[in-house]
Amino acid sequence: MIASRTRGWTPGIASVVLLTAVAAGCGAEDPALTANDTVTDNLSSGGGVPSTKASAFFGDIAILNSTDLAFTTVMTTQIKTSNRKTLFINPSLECGLFTQTTVRSKNGNKDTSTASATIQMQVLVDGVAAQPGVVIYCSRTQQLSATLGGILQSCTDANGDGTITAGECLLTDEEISLLLSTMDAASFNFGAGVGTGVHTIAVQAKISTSTSVQTGSAEAFATIGKGAVVVTEQRL
Ligand SMILES: [Ca+2]
């Protein structure tokens, strides 16, 4: 399902529970959240979708250690409205960032390494971006700089003048590294006005990373863990 129409992570990890819940006046039918409880197959036509006050998606999105992902649908659900309504859409994600920078230099040279990672989200309702558009769920830029002298390996009086100067000593690079790995849950409220009918809500994620180095090294990755989206309709 989700894994088959997206890319950039290992298929088969996704364990998805999708439901359309809480039909108006039908609290007794409130379904339990169990694995593989899917109602997706009948939804595309809209014929099997009852009018509802809310719908939701819960699942393990599992996009692991990605460096780049264009806007890709990671969660979908549908809701059927019987009148013109405003949809409130609240997508939540586990949002992980990994940034690692190493600087390396000698002879008093300054070295700088930078690593950045960002996860952005947007919600499409029937293909149209919901307000307020693209939202950053998590982002970090890490920069490390150091001016290093080097590690002394050996010294010889190369020119035989009886004096050993700094220039006659062999140095190797000194090195400093910094690694940050964080995981947080983030959510945001989106909104969209819709008319009568069945509406498809697609939650899309974008991952972007960048690194820059001089003589050091850097890595940046982003991870999306579990995700959930709850859609409710309101008449404003
Ligand atoms: Ca000398």
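Procedures and definitions
- Residues numbered from 1 in each chain as written.
- Predicted model: local features only at pLDDT ≥ 70, side-chain atom pairs only at ≥ 80, totals over all residues.
- Helix = DSSP H or I, 4+ residues; strand = E, 2+ residues; numbered from the N terminus.
- Contact = placed C-beta atoms within 7 Å.
- Buried ≥ 20, exposed ≤ 12 C-beta atoms within 10 Å, placed from the backbone.
- Core = buried A, V, L, I, M, F, W, Y, C linked by C-beta atoms within 7 Å.
- pLDDT = per-residue confidence, 0-100.

Student: Any chance you could explain the environment of Val-229 here in plain terms?
Tutor: Here Val-229 is to be found in strand β13 (residues 217–234). In this structure, the C-alpha to C-alpha distance between Val-229 and Gly-59, residues 170 residues apart in sequence, is 9.3 Å. In contact with Val-229, other than residues within four places in its own chain, are Ala-56, Phe-57, Met-75, Thr-77, Ile-89, Asn-90, Pro-91, Ile-201 and Val-203.

Student: When you look at unusual backbone geometry in this model, what are you seeing that I'm missing?
Tutor: If a residue is not glycine, its phi is most likely negative; likewise, a peptide bond is most likely trans. Residue Pro-132 is bonded to the preceding Gln-131 through a cis peptide linkage, with omega at 5°. Tracing the sequence through the fold places Pro-132 in the loop between β6 (128–129) and β7 (135–148). In this structure, Asn-65 is a non-glycine residue whose phi angle is positive, near 50°. Along the polypeptide, Asn-65 turns up in strand β2 (residues 54–66). You can call Asn-65 partly exposed: it has 13 C-beta atoms within 10 Å. Of note in the backbone geometry, Asp-126 takes a positive phi value of approximately 50° without being a glycine.

Student: For this particular structure, what's the right way to read the nonpolar core?
Tutor: Within soluble globular proteins, side chains that are nonpolar tend to cluster in buried spots. Residues Ile-89, Ile-119, Ile-201, Val-203, Ile-224 and Val-229 are the most contacted members of the largest nonpolar core, which totals 38 residues. Where this core is concerned, the elements lending two or more residues are β2, β3 (68–81), β4 (85–105), β5 (109–125), β7, β11 (190–194), β12 (197–212) and β13.

Student: I keep staring at the confidence of the model for the chain and nothing clicks. Help me out?
Tutor: Low-confidence regions, as indicated by low pLDDT, have predicted coordinates that should not be scrutinised in detail. Put simply, the chain has an average pLDDT of 83, and 78% of its residues get 70 or more. Low pLDDT, under 50, characterises residues 1–31; the stretch is placed with 70 contacts to residues that sit more than four places away or in other chains. Note on residues 33–47: pLDDT under 50 across the span, and 20 contacts to partners over four residues away in sequence or across chains.

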